Amino acid sequence: MPDEYDAILIGGGPSGSCAAALLAEYGHRVLVLERERFPRYHIGESLIPFTYGPLERLGMIPKMKRSHFIKKYSVTFVQPDGKRSQPFYFYNRYDRETVAQTWQVLRSEFDQMLLDNAREKGAEVREETAVTRLLNEEGRVVGVEATDRSTGASYQVRAPITLDCTGKEAFSSNLRGWRLRDPYLNKVAVWTYFKGSKRGEGIDEGATTVAYVPDKGWFWHIPQHDDMVSVGIVAEGKYLTRGGIKDPRLIFEREVEENQWVKQHLSIGASTGDYFITSEYSRHSRYCAAPGLILVGDALAFLDPVFSSGVMLALKSGQLAAEAVHEGLLAGDLSPSRFTAYGLTIRQGVENMRKLVYAFYDPQFSFREVIARHPDAAGLITDCLSGDVNRDFTQLWDYVREWVPLPEDLPYGEPLISTP
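Residues numbered from 1 in each chain as written. Predicted model: local features only at pLDDT ≥ 70, side-chain atom pairs only at ≥ 80, totals over all residues. Heavy atoms only, no water.

A.B. asks: Before we go on, may I ask you to explain helix H1 (residues 14-25) in this structure?
C.D. replies: Each full turn of the α-helix corresponds to 3.6 residues, which orients residues three or four apart in the same direction. The first and last C-alpha atoms of H1 sit 16 Å apart over twelve residues, in line with the 16 Å expected at 1.5 Å per residue. The buried fraction of H1 is high, at eleven of twelve residues. Looking only at H1, the buried set comprises Pro14, Ser15, Gly16, Ser17, Cys18, Ala19, Ala20, Ala21, Leu22, Leu23 and Ala24. Tucked into the core, H1 has its buried residues touching strand S1 (7-10), strand S2 (30-33), helix H2 (52-57), helix H4 (107-120), strand S11 (162-164) and helix H9 (310-331). Gly27 sits one or two residues past H1 and shows a positive phi near 100°. (Helix = DSSP H or I, 4+ residues; strand = E, 2+ residues; numbered from the N terminus. Expected span 1.5 Å × (residues − 1). Buried < 20%, exposed > 50% of the residue type's maximum accessible area, 1.4 Å probe, protein only. Contact = heavy atoms within 4.5 Å.)

A.B. asks: Just checking my understanding: could you explain the sheet that holds strand S8 (residues 129-137) for this structure?
C.D. replies: The strands that make up a sheet are held in pairs by hydrogen bonds between backbone atoms, and each pair lies either parallel or antiparallel. The strand order across the open sheet formed by three strands is S8-S9-S10, and the pairing between neighbours is antiparallel. Each end of this open sheet is capped by a strand with a single partner; those strands are S8 and strand S10 (154-158). Going from strand to strand, the sheet's axes swing by 30° on average, the running direction of each strand aside. Note: S8 against strand S9 (residues 140-148), eight bridges, orientation antiparallel. By the bridge assignment for S9, Asn136 is matched with Val141. (Pairing = 2+ DSSP bridges. Axes fitted to C-alpha atoms, helices over the stretch in contact; angles between N-to-C directions.)

A.B. asks: Quick question: what am I supposed to make of the pairing of strand S13 (residues 188-195) here?
C.D. replies: The two faces of the sheet receive side chains in turn, since in a regular strand these alternate between them. In terms of burial, S13 is largely enclosed, as seven of its eight residues are buried. As paired elements, S13 and strand S16 (residues 228-235) share eight bridges and run antiparallel to each other. The partner of Trp191 across the bridge, within S16, is Gly232. Pairing geometry for S13 and strand S18 (residues 276-279), over four bridges, is antiparallel. What sits directly across from Val188, in S18, is Ser279. Sheet analysis places S13 next to strand S17 (residues 270-271), joined by two bridges and oriented antiparallel. Note on S17: the bridge partner recorded for Phe194 is Ser271.

A.B. asks: Teacher, can you tell me more about the packing of aromatic side chains here?
C.D. replies: Enumeration over the complete set of coordinates arrives at 25 aromatic pairs. Ring centres 5.4 Å apart and planes at 15° place the aromatic pair Trp191 and Phe276 in the stacked group. One end of the pair, Trp191, is in strand S13; the other, Phe276, is in strand S18, and 85 residues separate them in sequence. Where Tyr193 meets Phe276, the ring centres are 6.3 Å apart and the plane angle is 85°; that geometry is what we call edge-to-face. Of this pair, Tyr193 sits in strand S13 while Phe276 sits in strand S18, placing them 83 residues apart in sequence. Overall, the relative accessible area of 8% leaves Tyr193 in the buried class. Its end group placed over the ring of Tyr184, Lys187 keeps NZ or CZ at 4.7 Å from the ring centre. Positioned above the aromatic ring of Tyr287, the side-chain terminus of Arg286 is 4.8 Å from the ring centre. (Phe/Tyr/Trp six-rings, centres within 6.5 Å; stacked < 30°, edge-to-face > 60°. Lys NZ or Arg CZ within 6 Å of the ring centre and 35° of its normal.)

A.B. asks: What is the right way to read the sheet that holds strand S19 (residues 283-285) from this model?
C.D. replies: As summarised here, the arrangement of the three strands in space is S12-S19-S22, forming an open sheet in which the pairing is antiparallel. Each edge of the sheet is formed by a strand with only one pairing partner; in this case those strands are strand S12 (179-181) and strand S22 (301-302).

A.B. asks: So what exactly am I meant to see when it comes to the nonpolar core here?
C.D. replies: Buried together is how nonpolar side chains tend to be arranged in soluble globular proteins. Counting residues in hydrophobic clusters, the biggest one holds 117 residues, and the most contacted among them are Leu55, Phe77, Phe110, Leu163, Phe307 and Phe360. No other element matches the ten residues that helix H10 (residues 340-361) contributes to this core. By size, the runner-up hydrophobic cluster in this structure holds 19 residues, among which are Val213, Phe219, Leu240 and Leu266. (Core = buried A, V, L, I, M, F, W, Y, C linked by side-chain atoms within 4.5 Å.)

A.B. asks: Any chance you could explain the pattern of salt bridges here in plain terms?
C.D. replies: Close approach of charged atoms allows side chains of opposite charge to pair. Counted by the stated rule, this structure contains 34 salt bridges. Residue Glu124 pairs with Arg126 through a salt bridge whose shortest N-O separation is 2.8 Å. We note a salt bridge from Arg354 to Glu351, for which the minimum N-O separation is 2.8 Å. Of this pair, Arg354 and Glu351 both sit in helix H10, three residues apart, which is roughly one turn of the helix. Glu351 carries the same exposure label as Arg354, and that label is buried. (Salt bridge = Lys/Arg side-chain N within 4 Å of Asp/Glu carboxyl O.)

A.B. asks: Just checking my understanding: could you explain unusual backbone geometry for this structure?
C.D. replies: For residues that are not glycine, phi is negative in most cases, and the peptide bond is trans in most cases. Omega for the peptide link from Phe38 to Pro39 comes to -5°, which places this bond in the cis form. Mapped onto the secondary structure, Pro39 falls in the loop between S2 and H2. Phi at Ala170 is positive, roughly 45°, even though this residue is not glycine. Considering the arrangement of structural elements, one finds Ala170 in the loop between S11 and helix H5 (171-175). The backbone of Asp227 sits at a positive phi, close to 65°, despite the residue not being glycine. Among the secondary structure elements, Asp227 is positioned in the loop between strand S15 (217-223) and S16.

Right under this line is the structure:
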């Protein structure tokens, strides 16, 4: 097998598949090394409207329209007593033919579609291949060492640029000590899947519901195809494990009683019996790039999932990273400074969404109260919730600060410039 490529991508999830597809489409020799065998299970199933742009750039929209994924037109918020807000319908803000409708996906199927799309465009993909180390020469990443998990054979491949698309694992960021926890956004999630439970009708069938529980915890309720629903609870660990309960099934069943809407919707149907738990959601990488290396998607920043921004940010960063790498390959210059604008753009989007997440978790904050006092905030909130995150939200943050403090931007995201 050839061992020289234009670009090596570690990870075949949404960010890796997106970047690989675009680089291959430009005619570059691209290798994707994916640890798992697809299709594989993954959480994070709700797409937000501004996922449309990257999907369109990838040529995926016709495939998505032909899929059996449930269409999503809105987001709704529900109080613990079951009182439901008016849905935030995307078509009240956006063109009905583009971002006004998105999808609730099964990630095993969706991610397989994206990886196959990269293959179709010419990327070489090796699954069940674990990257074990970065190859460094004179302070620059020049490739990786990988192991074929089916045979146990190890080998090296080289390229002028390596894209770390390893998701929450954040391979290179953890390796280099760049991975930093968010000062506040570190929650625990417990979730399962129900079949045959209650859901809305018509355009409300695919609505994402965010249902509050005490102490600013919340349930997600995401309808999927084949009569399945993804449903989970996110809150502080000390809240979920109160009373010494640590079994995820027992935690979930207890918290269902804390929101009447969730309790009613799960009163019919049944859990599949599998319960999952994860913790420490929000983390950030100190740097976006170093000589021969660029971080993409969740490997660069992973934000609390309350507003379902993960896949959008992954695809957006994959697209922007691919464009920056392509330009660098053409120019014969892949120095870290070429990725300054890339890092700034992704961090701006993350910071805008992060402010809204911080506000959401503050007991003094209420979407309803902000909009009641400042009606024009409704459109700004919808824009941020929908993923239009690279714009000026100064007015919105001024409104929100009338109720709650907001965090300063974290000083992360620039490239690490090498020194002689």
